[in-house]
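# A look at the structure
These are the residues of each chain, in order.
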Amino acid sequence: MENHKQMEKNEVGPMATEAEEEAGQVGSSLTLERVAAAKQFIESHYKAQMKHIQDRKQRRSVLEKKLASEHVPEQEQIHMLKDLERTETEYMRLKRHKICVDDFDLLAIIGRGAFGEVRLCREKKSGNIYAMKKLKKSEMLSRGQVEHVRAERNLLAEVASHCIVKLYYSFQDADYLYLIMEYLPGGDMMTLLIREETLTETVARFYIAQSVMAIESIHKHNYIHRDIKPDNLLLDKNGHMKLSDFGLCKPLDCSNLSSINENEVLDDENLHETMDIDESFPESKNGRRWKSPLEQLQHWQINRRKLAFSTVGTPDYIAPEVLLKKGYGMECDWWSLGAIMYEMLVGYPPFYSDDPVTTCRKIVHWKNHLKFPVEARLTPEAKDLIGRFLCDVENRLGRADQIKAHPWFKDIAWDKLYEVEAAFKPEVNGELDTQNFMKYDEVDPPATGRTGSGPMRKMLLTPKDLSFVGYTYKNFEAVKGLHQSSDLNRSASLNRSSIDSAQSDSVVDYSTRHSYSDMEAQVLAASEDVMSE
Ligand SMILES: Nc1ncnc2c1ncn2[C@@H]1O[C@H](COP(=O)(O)OP(=O)(O)OP(=O)(O)O)[C@@H](O)[C@H]1O
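Residues numbered from 1 in each chain as written. Predicted model: local features only at pLDDT ≥ 70, side-chain atom pairs only at ≥ 80, totals over all residues. Heavy atoms only, no water.

- Under an unreviewed UniProt entry, the protein chain has the name non-specific serine/threonine protein kinase and belongs to Prunus avium.
- Under the Sequence similarities (unreviewed entry) heading, UniProt states for the protein chain: "Belongs to the protein kinase superfamily. AGC Ser/Thr protein kinase family." (UniProt positions renumbered as here; feature names shortened; annotations may be inferred.)

Listed below in structure tokens is the structure:
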């Protein structure tokens, strides 16, 4: 955090005093930043190299096993293994291509978040359709989100799971970071909930079960999402759900939260009086608003989208220990899932208020505020499971196997969950269909002209860039897709299984011609990485 502030300071030279400049402090701190960036780059470069070698071996071994188990004749086996090697060589060649935004046709905007936008796009060379998430670097820096964006990129690159949205490429130019992901045309759970109001327990069970699997898959890789909410649960064309948006937790404005602590004695009556005030609602006889759950539902629906787009975000799904900054673990994601399950069955989240700070207070004092409206008619098993998610960390269900064994899930066939027909099938007509997303206006017309390369790029090397060293990534499958010759297609069906099981293979565009023995070379390496990215 401090480093980022320092970098911002260096970037705007006039902020440094003349005396500092004379003393060379600005220069030396820039050098330190560069050295740190070079170190980070070298580490991630070698990690990527090691992973590449491992993945390549694994792809070969999976294919060998598959060929053996399917009793493919020996000659054919040799041929297919040669094909795989040729694909690998081609992959090595193609991954050196410096991918940039001009490699894509930019189509409709399908989402807008706190740091940028998400659009449908078509890769010019392959014709493949993707979702492009574009994040403004200066926003990430000024809001201290650099680590989060790195976490998102790393998680997507490392975790290959059918429950997680697939990352194909990441790259950057002078001003933006880009994530090229699979496009999930079924829309997000927030939109589905706004449309449907509530889900039946059968439909909710299906999506909560898929969420359990998604959360389990990131926890297995030691990641905590911390920001699980319906906006981040996306549906594919068949209605199966995947988790997205990793690590980009919005900075909730906590300036008013400092006064909240668990032990404060709350006058709940007063809290209710102040909490539910909304000038747009007619006052009831006793001066209270939200007389009924129905009213609360209507209120929630009016506010939901506004909250999603605001820079503050919605705190409705955040666990109390995260809000209290007490230190938290993976259990916080299960709390969020409990809040989502409640919303699916009741129609609004359990601690909703139109004022985010009041929501935070209610979450922290959840014991006073967790109530099930009788109208919602939840089964005892559903109530019990929600209660086991929305509780103190010590009592919360914390392991996926415990959760899967809960009676509410008794009819779920966990190992077939992504193979069976989904509980809800979105309407999707063709790969460019965006009907399940809101319509967004273009704010800035899509940029044209290649950015971030060529000799002028050197002039643009700023400390801002150093924060994002090592962001470039290309997925084996995507690069392979770029170069699907008929020759390679021959072994495609068998290769696919080997690719799926060792799917991600991160690539940092950098040639190894430098010796890393001295500092100068390291700085040069980092600069080149920035330039090439
Ligand atoms: N891969 C995808 N396929 C289809 N739609 C997507 C995809 N990724 C994101 N979206 C849409 O864009 C919206 C915003 O995406 P996302 O939450 O990742 O952006 P963000 O800028 O990180 O938002 P946040 O403000 O939540 O941090 C999602 O709610 C979803 O509707």
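Next comes the rest of the account.
## A look at the UniProt feature "binding site: ATP" (unreviewed entry) in the protein chain
- Here, the residues flagged by UniProt with the feature "binding site: ATP" (unreviewed entry) are Lys133.
- By secondary structure assignment, the location of lysine 133 is in strand β3 (residues 129-136).
- Given a relative accessible area of 10%, lysine 133 falls into the buried group. (Helix = DSSP H or I, 4+ residues; strand = E, 2+ residues; numbered from the N terminus. Buried < 20%, exposed > 50% of the residue type's maximum accessible area, 1.4 Å probe, protein only.)

## Considerations on the pattern of salt bridges
- Enumeration over the complete set of coordinates arrives at 17 salt bridges.
- Residues arginine 112 and glutamate 117 are paired through a salt bridge, measuring 3.9 Å at the closest nitrogen-oxygen approach.
- Relative accessible area serves as the criterion here: at 14%, glutamate 117 is assigned to the buried category.
- Lysine 242 is paired through a salt bridge with glutamate 182; the nearest N and O atoms lie 3.2 Å apart. (Salt bridge = Lys/Arg side-chain N within 4 Å of Asp/Glu carboxyl O.)

## Looking at the environment of tyrosine 130
- Mapped onto the fold, tyrosine 130 is located in strand β3.
- Sequence spacing of tyrosine 130 and methionine 181 is 51 residues, and the spatial spacing of their C-alpha atoms is 5.7 Å.
- A polar atom in the side chain of tyrosine 130 sits 3.3 Å from the side chain of asparagine 128. (Polar contact = N/O pair within 3.5 Å; in protein donor to acceptor, adjacent residues only side chain to side chain.)

## Regarding the packing of aromatic side chains
- Here the structure, examined in full by the defined rule, presents 15 aromatic pairs.
- Measuring from ring centre to ring centre gives 6.4 Å for phenylalanine 104 and tyrosine 130, while their planes differ by 75°; the resulting arrangement is edge-to-face. In this pair, phenylalanine 104 sits in strand β1 (residues 104-112) while tyrosine 130 sits in strand β3, placing the two residues 26 residues apart along the sequence.
- When its relative accessible area of 3% is taken as the criterion, phenylalanine 104 is described as buried.
- Accessibility expressed as a relative area gives 3% for tyrosine 130, which makes it buried.
- Ring centres 5.1 Å apart and planes at 70° place the aromatic pair phenylalanine 409 and tryptophan 414 in the edge-to-face group.
- Residue classification places phenylalanine 409 among the buried residues on the basis of a relative accessible area of 1%.
- Here tryptophan 414 falls in the buried class, since its relative accessible area comes to 14%.
- The structure contains a cluster of three or more aromatic residues connected by ring pairs, namely Phe104, Tyr130, Tyr168, Tyr169, Phe171, Tyr176 and Tyr178.
- Between lysine 134 and the ring centre of tyrosine 176, over which it is positioned, the NZ or CZ distance is 4.2 Å.
- The ring of tryptophan 408 carries the charged tip of arginine 205 above its face, separated from the ring centre by 5.0 Å. (Phe/Tyr/Trp six-rings, centres within 6.5 Å; stacked < 30°, edge-to-face > 60°. Lys NZ or Arg CZ within 6 Å of the ring centre and 35° of its normal.)

## Thoughts on the side chain of arginine 119
- With respect to the helices and strands, arginine 119 occurs in strand β2 (residues 116-123).
- At a separation of 3.3 Å, a polar atom in the side chain of arginine 119 contacts the side chain of glutamate 117.

## Digging into the packing of helix α12 (residues 331-346) against helix α15 (residues 380-389)
- Running from amino to carboxyl end, α12 crosses α15 at an angle of 145°, the nearest separation of the two axes being 8 Å. In terms of crossing hand, the pair formed by α12 and α15 is left-handed. Contact residues: Trp334, Trp335, Leu337, Gly338, Met341, Tyr342 and Leu345 in α12; Ala382, Leu385, Ile386 and Phe389 in α15.
- Classifying every residue of the contact of α12 with α15 gives ten nonpolar, one polar and no charged. (Axes fitted to C-alpha atoms, helices over the stretch in contact; angles between N-to-C directions. Left-handed = near helix turned anticlockwise from the far one by under 90°. Contact = heavy atoms within 4.5 Å. Nonpolar A, V, L, I, M, F, W, Y, C, P; charged D, E, K, R; others polar.)

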